[in-house]
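Okay, here's what each chain looks like letter by letter:
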Amino acid sequence: MLAPDRRVPHYARVIAVLVLLGLVALRLLILGGVAFLLIPAGRRCPACGGETIALERAGWVRMLPGVARRWCMHCGWSWLRKQKAGEPLAPVPRPSMERHVGI
Ligand SMILES: [Zn+2]
């Protein structure tokens with residue numbers, strides 16, 4: 001079993017860990033930014049060209065500004081699309097009365 005190297009000060013190890021964690025965080029930020037830029041804009045379905053409708057902004061999609069999950073009524077395609085300026089926002093999830101009333 002190897003003994004820890006006593007010549008390296010404790011603060012140097014802490015700084016090394018912080019630098020490595022910072023590099024991991026920077027990598028995640030860059031990948032997230034690139035993934036966000038790759039989300040296409042528009043309302044047309046990329047598979048069939050039909051009109052899509054915006055679905056509820058739920059889950060992690062709510063954290064992405066200007067992004068909504070869309071669904072194609074013609075072919076069933078569903079994925080994220082950026083909203084162009086002037087387009088209505090996706091509906092905001094509301095608490096359902098059916099759940100409380102039991103309908
Ligand atoms: Zn389609």
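Residues numbered from 1 in each chain as written. Predicted model: local features only at pLDDT ≥ 70, side-chain atom pairs only at ≥ 80, totals over all residues.

### Thoughts on the overall build of the chain
Tallying secondary structure elements over the chain gives two helices and three strands in all. Element order for the chain, N to C, with α for helix and β for strand: α-β-β-β-α. The 103 residues of the chain split such that 7% are buried. For the chain, contacts bridging at least 24 residues in sequence account for 48% of all contacts bridging at least 6. (Helix = DSSP H or I, 4+ residues; strand = E, 2+ residues; numbered from the N terminus. Buried ≥ 20, exposed ≤ 12 C-beta atoms within 10 Å, placed from the backbone. Contact = placed C-beta atoms within 7 Å.)

### Focus: the confidence of the model for the chain
In the predicted model, the chain carries a mean pLDDT of 83, and 78% of its residues have values of at least 70. Per-element confidence in the chain is highest for helix α1 (residues 10-37), whose mean pLDDT is 95, and lowest for helix α2 (residues 97-101), whose mean pLDDT is 54. (pLDDT = per-residue confidence, 0-100.)

### Quick word on the environment of Arg-43
Mapping Arg-43 onto the fold places it in the loop between α1 and β1 (52-54). We classify Arg-43 as partly exposed; it has 16 C-beta atoms within 10 Å. Sequence separation of Arg-43 and Lys-84 is 41 residues, and the distance between their C-alpha atoms is 8.6 Å.

### Comments concerning the pairing of strand β2 (residues 67-72)
Residue alternation in β2 divides its side chains into a buried set, Ala-68, Arg-70 and Cys-72, and an unburied set, Val-67, Arg-69 and Trp-71. Note: β1 against β2, three bridges, orientation antiparallel. Residue pairing across strands places Thr-52 opposite Cys-72, the latter belonging to β2. Both β2 and strand β3 (residues 78-82) contribute to a ladder of five bridges, which runs antiparallel. Counterpart to Arg-69 in the pairing with β3 is Leu-80. The turn linking β2 back onto β3 is made up of five residues, and Gly-76 within it adopts a positive phi angle of 85°. (Pairing = 2+ DSSP bridges.)

### Let's talk about α1
Under the 1.5 Å per step criterion, the end-to-end length of α1 is 41 Å for 28 residues, consistent within 8% with the ideal 40 Å. Burial analysis of α1 places just zero of its 28 residues in the buried class, a small minority of the element. (Expected span 1.5 Å × (residues − 1).)

### Observations concerning the environment of Gly-49
On the secondary structure map, Gly-49 appears in the loop between α1 and β1. Among the residues examined, Gly-49 registers 10 C-beta atoms within 10 Å and is labelled exposed. Along the chain, Gly-49 and His-74 lie 25 residues apart, while their C-alpha atoms are 9.1 Å from each other.

### Re the sheet that holds β2
Strand pairing in a sheet relies on backbone hydrogen bonds, with the paired strands running either antiparallel or parallel. Taken in spatial order, the three strands of this open sheet run β1-β2-β3, and their pairing is antiparallel. Sheet topology places β1 and β3 at the edges, where each strand pairs with a single neighbour. Across the sheet, the mean angle separating the axes of adjacent strands is 45° when strand polarity is ignored. (Axes fitted to C-alpha atoms, helices over the stretch in contact; angles between N-to-C directions.)

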